[in-house]
Amino acid sequence: GTRAPRLELRGRDGNIGFAHNKLFFINPGSERPRIVFSSGNLSSGLVTHHENWHFVAPKPNTHFARAHVCLMDGMLSHAGSKKEYGDYVRGCREASGIREEADVRSFFVPGQGGLARQAIIDTFGRSRAAGIAAHRFSDRRLREALLLRLEAPAPPALRIVVDDDVHWAGRGLGLGLNTSEERGYVEALAEAGAEVRYVETNHGTRQLHHNKFVVFDTSAGPAAFVGAGNFTASAFGDNLENFYFVTIPHVAEAMREQHRRLFEELGTPVEALPAVDVLPPSR
């Protein structure tokens, strides 16, 4: 007979933060699995926010496909605490006996957030240029590592694009989840040499620049770090999240082009932002 859908409510329990994964897994365990991951929630922002979506058709006997079976089983049956979830997913992945692919690595949080953060830091350290697209940007360890590299000899060129809610939060307006501290963090990176631009969105209708990714230009070629989580301490430690480090050339290059478009065509330098917050007239 037909199996009824199974609903499990996760997050905010057993020391786990938000259930923040953004993932579709179609035909798990079959000969034709399909995986979709993104930065976007299933909300009206699905079609109106600035987001990135990724559609993958992995072979079933790859580590990538098997790891997502582990994530699924962990979410359904082993999410009572951060330790339980992290231990289960790690053990499940190891038990697959399949070596992880070099060109697409996955990091599932809780359990692998430190590795995910370190992948960004290490790759930034050997990059000639990098670009960050962020909605939330408050992780202290990541920020401090970027600052150290920018202040060292021969730093990479860094471009950062964020929502203008970050700017207005720093001007004392409480908009969404962004905080005044985040503006200070972004400005500190700008003072260290990063270029920063803001995507002007209509926060009156809750529109967002909701992308969460980093692109890199290295001597080995382009690379991209993408996934569900913001660049916050909770995303790397407490929430249920899925992150990916990708060096597939055409995928990483497409992400670099998307960052270029966000920064150059949609981003506004701080000096060109309005002096006061003025929203479009409501209809």
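These remarks concern the structure in this document. As the structure is a prediction and not an experimental result, all values here were calculated from the model. (Residues numbered from 1 in each chain as written. Predicted model: local features only at pLDDT ≥ 70, side-chain atom pairs only at ≥ 80, totals over all residues. Heavy atoms only, no water.)

1. With respect to helix α2 (residues 63-77)
Over its 15 residues, α2 extends 21 Å from the first C-alpha to the last, a length consistent with the 21 Å expected when each residue adds 1.5 Å. Within the sequence span of α2, burial applies to His63, Phe64, Ala65, Ala67, His68, Cys70, Leu71, Gly74 and Met75. Tucked into the core, α2 has its buried residues touching β1 (23-26), β2 (34-38), β3 (53-56), α3 (82-95), β4 (104-109) and β10 (241-246). (Helix = DSSP H or I, 4+ residues; strand = E, 2+ residues; numbered from the N terminus. Expected span 1.5 Å × (residues − 1). Buried < 20%, exposed > 50% of the residue type's maximum accessible area, 1.4 Å probe, protein only. Contact = heavy atoms within 4.5 Å.)

2. A word on the packing of helix α5 (residues 140-150) against helix α7 (residues 180-191)
Two elements in contact, α5 and α7, have axes separated by 9 Å at closest approach and are oriented at 15°. Taken as axis vectors, α5 and α7 run roughly parallel relative to one another. The handedness of the crossing between α5 and α7 comes out as left-handed. Listed contacts from α7 to Arg143, Leu146, Leu147 and Leu150 of α5 are Tyr185, Ala188 and Leu189. (Axes fitted to C-alpha atoms, helices over the stretch in contact; angles between N-to-C directions. Parallel < 35°, antiparallel > 145°, perpendicular 65-115°, else oblique. Left-handed = near helix turned anticlockwise from the far one by under 90°.)

3. Quick notes on the state of the cysteines
As enumerated under the stated definition, the model contains 1 disulfide in all. Across a sulfur-sulfur distance of 2.1 Å, Cys70 and Cys92 are joined as a disulfide pair. Its torsion about the S-S bond being -75°, the disulfide of Cys70 and Cys92 is classed as left-handed. In this pair, Cys70 is assigned in helix α2 and Cys92 in helix α3, connecting sequence segments 22 residues apart. Of the two residues examined, Cys70 and Cys92, each falls in the buried class. (Disulfide = S-S within 2.5 Å.)

4. Examining the nonpolar core
Residues Ile132, Phe137, Phe216, Phe225 and Phe231 are the most contacted members of the largest nonpolar core, which totals 35 residues. With 28 residues, the next largest nonpolar core counts Ile16, Val89, Tyr244 and Leu262 among its residues. (Core = buried A, V, L, I, M, F, W, Y, C linked by side-chain atoms within 4.5 Å.)

5. Notes on the packing of helix α4 (residues 113-125) against α5
In the contact formed by α4 and α5, the axes pass within 10 Å of each other and the chain directions differ by 10°. On the basis of the axis angle, α4 is roughly parallel to α5. Contacts between α4 and α5 involve Arg117, Ile120, Ile121, Phe124 and Gly125 from the former and Arg141, Leu142, Ala145, Leu146, Arg149 and Leu150 from the latter.

6. Let's talk about unusual backbone geometry
For the bond from Val109 to Pro110, the omega torsion is 0°, close enough to zero to count as cis. Its location among the elements puts Pro110 in the loop between β4 and α4. Phi is positive for Asn15, which is not a glycine, with a value near 65°. As for its placement among the helices and strands, Asn15 is situated in the segment before β1. Phi at Arg206 is positive, roughly 60°, even though this residue is not glycine. Within the secondary structure, Arg206 sits in the loop between β7 (195-199) and β8 (213-218). You can call Arg206 exposed: its relative accessible area is 68%.

7. As for the packing of aromatic side chains
Inspection of every chain in the model, using the stated rule, returns 6 aromatic pairs. Ring geometry for Phe137 versus Phe231: centroids 6.4 Å apart, planes at 65°, classification edge-to-face. With Phe137 in the loop between β5 (127-134) and α5 and Phe231 in the loop between β9 (221-227) and α8 (233-237), this pair connects stretches of sequence that are 94 residues apart. For the pair Phe137 and Phe231, one class covers both residues: buried. Three or more aromatic residues joined by ring pairs form one cluster here, namely Phe37, Phe64 and Tyr244. Taking the ring centre of Phe18 as reference, the NZ or CZ of Arg12 above it sits at 4.5 Å. The ring of Tyr185 has Arg143 lying over it, and the distance from NZ or CZ to the ring centre is 3.7 Å. (Phe/Tyr/Trp six-rings, centres within 6.5 Å; stacked < 30°, edge-to-face > 60°. Lys NZ or Arg CZ within 6 Å of the ring centre and 35° of its normal.)

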